[in-house]
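Notes for the structure review
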Amino acid sequence: EVQLVESGGGLVQTGGSLRLSCAASVFTFGDYAVGWFRQAPGKGREAILCISNSDGSTYYVDSVKGRFTVSYDSALNTVYLQMNSLKPEDTAVYYCAASPFSAYGCSPLYEYEYWGQGTQVTVST
């Protein structure tokens, strides 16, 4: 009963681009806060960006700011993560998530109730 379906991961060269998709099946993204996370081998899950459902703002961590862009297609009820200028340190499993709770800034991790299955992004040197 997966509720978020991710796609778009793969192998890319340094400096290349990937576009990840996250489609929701049982809720409307516009009513939820959205977060993207990644987990590199041997490391914990790292939040990299979010879309607040309180102020509508998008927040990016410094490590991806200027390279990653999140967008939302209401017709397809899909959130996209455009990743440009990829670096080897971007290699990780990427997860999208949605929170039903209102928050200013990014929601805390425990408030994300819906998660994608994860998609592997590998950036070669």
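This text goes with the structure placed above it.
Scope of this entry: the structure provided in the associated data block. Throughout this description, residue numbers start from 1 for each chain and increase along the sequence as written. Totals for whole chains, interfaces and linings use every residue, but because this is a predicted model, local features are given only for residues with pLDDT of at least 70 and side-chain atom pairs only at 80 or more, for both listing and counting. The side-chain quantities take in all heavy atoms of the structure and omit both hydrogens and water.

1. A short note on the overall build of the protein
Quick note on the threshold: Starting at the N terminus, helices and strands are each numbered in turn, a helix being any DSSP run of H or I of at least four residues and a strand any DSSP run of E of at least two. Radius of gyration here uses only the C-alpha atoms, and the compact-globule reference equals 2.2 Å multiplied by the residue count raised to the power 0.38. The classification of residues rests on relative accessible area computed with a 1.4 Å probe and restricted to protein chains. Under 20% of the type maximum is buried, over 50% is exposed, and intermediate values are partly exposed. Here, Shrake-Rupley sampling with a 1.4 Å probe gives the accessible areas, and only protein chains in the shown set may cover a residue. In this charge count, Lys and Arg are treated as positive and Asp and Glu as negative; neither His nor the chain ends contribute. In this description, the location of a charge corresponds to atom NZ of lysine, CZ of arginine, CG of aspartate or CD of glutamate.
Broken down by element type, the protein carries zero helices and eleven strands. The N-to-C order of helical and strand elements in the protein reads β-β-β-β-β-β-β-β-β-β-β. In summary, the protein has a C-alpha radius of gyration of 14 Å against a globular reference of 14 Å for 125 residues, a match within 12%. Taken along its principal axes, the extent of the C-alpha atoms in the protein is 40 × 30 × 25 Å. Burial statistics for the protein: of 125 residues in total, 44% are counted as buried. Entry remark: accessible area of the protein is about 6200 Å², with carbon and sulfur atoms responsible for 50%. A gap of 11 Å separates the mean positions of the 7 positive and 11 negative side-chain charges of the protein.

2. Some details on the pattern of salt bridges
Quick note on the threshold: Any Lys or Arg side-chain nitrogen found within 4 Å of a carboxyl oxygen on Asp or Glu counts as a salt bridge.
Inspection of the entire model under this criterion finds four salt bridges. In this structure, Asp90 engages Arg38 in a salt bridge whose closest nitrogen and oxygen atoms are separated by 2.9 Å. Of this pair, Asp90 sits in the loop between β8 (78–83) and β9 (92–99) while Arg38 sits in strand β4 (residues 33–39); the two residues are 52 residues apart in sequence, bridging distant segments of the chain. Here Asp90 matches Arg38 in class, with each residue buried.

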